[in-house]
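# Fold and geometry: a report
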Amino acid sequence: MRGPRRATWLFVLAVALAAVLSSLPRGALAFDRNFAGSAQLDYHFAPTAKRARSFPDAFDGFTMELAGKVAVDFSDKVSANLKVCYGCHGFEADMMYFDFRVADELNFRVGRFSPTFGAFNLRHDPANHRLSDKPLAYDMGRMLRMRQWNLGVMPSPFPDNGVEINGTRRLGAIAQLDYAVYAVSGFKADAGALDLDFKLSRSPQSYYVDNNARPAGGARVAVTLKLGDVSDLTLGASGMYGTFDPDNRLSYAIVGADATLRLETTTVRVEGLSRRQEMDTSDPSRFKYVLSDKRGDFFMKHGAYVEVEQAVTRELDLIARADGLLRVGNVAADSELSSRATVLRYTLGLAYAIERGLRVKFSTEAWDFGERDALTNRKFELGMHAALAGSF
Amino acid sequence: MIAGSRAARSLMVTLALFAAPAACTGARAEGLDASKLPEPVRADYEVFARKCSKCHSLARPLGAGITDDEQWAMYVARMRRQPGSGIFADDEVAILRFLRFHAAELRKKKSGTQDAGGSP
């Protein structure tokens, strides 16, 4: 009880602070501040999954996500960001950091933030992407058969405590280089874990301290090429490595590559991620398959998506996405997954602006699982989303 | 069959609930209609609209209510330096030109409202 209550108080205090900062006249403070927020109410309709053995391991119904953020510019060199969000894991301090800029090429970020990884995380707020849900590689657990596929490859957002050095550098007339290197607490799990325990990164009493006193590190480098006044191409690569158990015996490594092409009214995004995840194999009876001597103590989880977003009118966007996950390696004894499990999803959707800052989103998803459901013997499932998303 | 029709009914009701706001308000794009902007700022607006919609909706900057040019300068500089923003230094110049126009329009509206409110 103490954790949720503390989180609620944290949220109330943050909102009160944001309200006070926003309501003060400019002259009362010697710095510029900006208040922003977003919210999405989504209805997920999963008709074919209802009779599946995996049901109710899918969110069939309403989900609500909301966030409020205050950004303060103390000067050209120093700024601060505070963001509180509410979602599947309750209230969460998503950002609370300071930026200190020595130059465009050298910025120090200190506090709680999502370390720079991949292209999608910049748009992780539901009001900032046109479909209701995230690509599977970044999904935290809103997929069908979620108990089996939970966490995707890199569950987004992934706020963590630490320090990041980042910067941007112009390379000639048409290119720009972005980089980031960071050390953060890293993902967590208890001793004897078979996977990351993302809840430990989200609960206030657990994210306050590192569980193994050893930071995780990572980096990203990206190049943006200017193709015209309103067209560009970004190519990026990211990596992260750390240990996640209290004894520092088990490690994870995540790598990713991404490309974003923006041509006039068309945006094409391609991204691929892979996670190598070590498991505690001291008790072979916990596994479904016989442990091999070599390469038996880890699994690989790969995820990728291709997304095309087309603005049809100023109000209407059409979106098509194909994404999937591939998991290779041993699984827990009670898992319905095989040692080489796949899921593919095909999505068609639209987003329609009904007012400035307010959109309705509709999408239909066709799911193709590698494993048949134990009860219905079905591999294919259908999902539909209807959402109202707003931002200011 | 009954369960199926009930599910279909609940889907239809849900879709109607989400579509209702659109039917009630009609469409209004998140951005501005460039054709209604003065000729000199149209190109700058296009750069603003394209660059500033990469990570968030245009409603955020357009609805921020910032009327101070200096605050916009710091705001846009902070955005440009975000890893992955894709905003070049010359984009920043164009974006700021548009936002200064937008801020001036807001100031005009505010002073107009105050004048109207202050009239006996």
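Residues numbered from 1 in each chain as written. Chains lettered and ligands numbered in written order. Predicted model: local features only at pLDDT ≥ 70, side-chain atom pairs only at ≥ 80, totals over all residues. Heavy atoms only, no water.

## Structural notes on the pairing of strand β15 (residues 358–369) of chain A
Residue and element names in this part refer to chain A. Condition: Two strands are counted as paired when DSSP detects at least two bridges linking them. Helix and strand assignments follow DSSP, with helices taken as H or I runs no shorter than four residues and strands as E runs no shorter than two, numbered in order from the N terminus.
By the bridge criterion, 12 bridges tie strand β14 (residues 340–355) to β15 in an arrangement that is antiparallel. Residue L344 lies in a different strand from β15, and its bridge partner there is D368. Between β14 and β15, which pair antiparallel in sequence order, lie two residues; one of them, G357, sits at a positive phi of approximately 85°. Across 11 bridges, the pairing between β15 and strand β16 (residues 380–391) is antiparallel. Bridge assignment links F362 to a residue of β16, and that residue is A386.

## Quick look at the pattern of salt bridges
Residues and elements named next belong to chain A. The condition is simple: The salt bridge definition used is simple: a Lys or Arg side-chain nitrogen within 4 Å of an Asp or Glu carboxyl oxygen. Using a 1.4 Å probe on the protein chains alone, a residue whose accessible area is under 20% of its type maximum counts as buried, one over 50% counts as exposed, and one in between counts as partly exposed.
Under the defined criterion, the tally for this structure stands at 37 salt bridges over all chains. Measuring nitrogen to oxygen at the nearest pair gives 3.8 Å for the salt bridge that ties D42 to R142. Here R142 lies in the loop between β5 (106–113) and α2 (146–149) and D42 lies in strand β1 (residues 32–45), a separation of 100 residues in the sequence. Given a relative accessible area of 0%, D42 falls into the buried group.

## Remarks on the interface of chain A and chain B
The condition that has to hold: Residue contacts are defined here by distance: any two heavy atoms, one from each residue, within 4.5 Å place the two residues in contact. What gets called buried area is simply the loss in accessible area from a 1.4 Å probe that two parts show on being joined, summed for both. Here the nonpolar group is Ala, Val, Leu, Ile, Met, Phe, Trp, Tyr, Cys and Pro; Asp, Glu, Lys and Arg are the charged ones; every other residue, Gly included, is treated as polar.
The interface of chain A with chain B comprises 65 residues on the first partner and 49 residues on the second. Per-residue buried area on chain A facing chain B is highest for R262, R314 and R356 of chain A; these three make up 14% of the total on that side. There are eight salt bridges connecting chain A and chain B. Measuring nitrogen to oxygen at the nearest pair gives 2.7 Å for the salt bridge that ties R78 of chain B to D73 of chain A. Considered class by class, the residues forming the side of chain A that touches chain B number 24 nonpolar, 18 polar and 23 charged.

These figures capture arrangement, not role.
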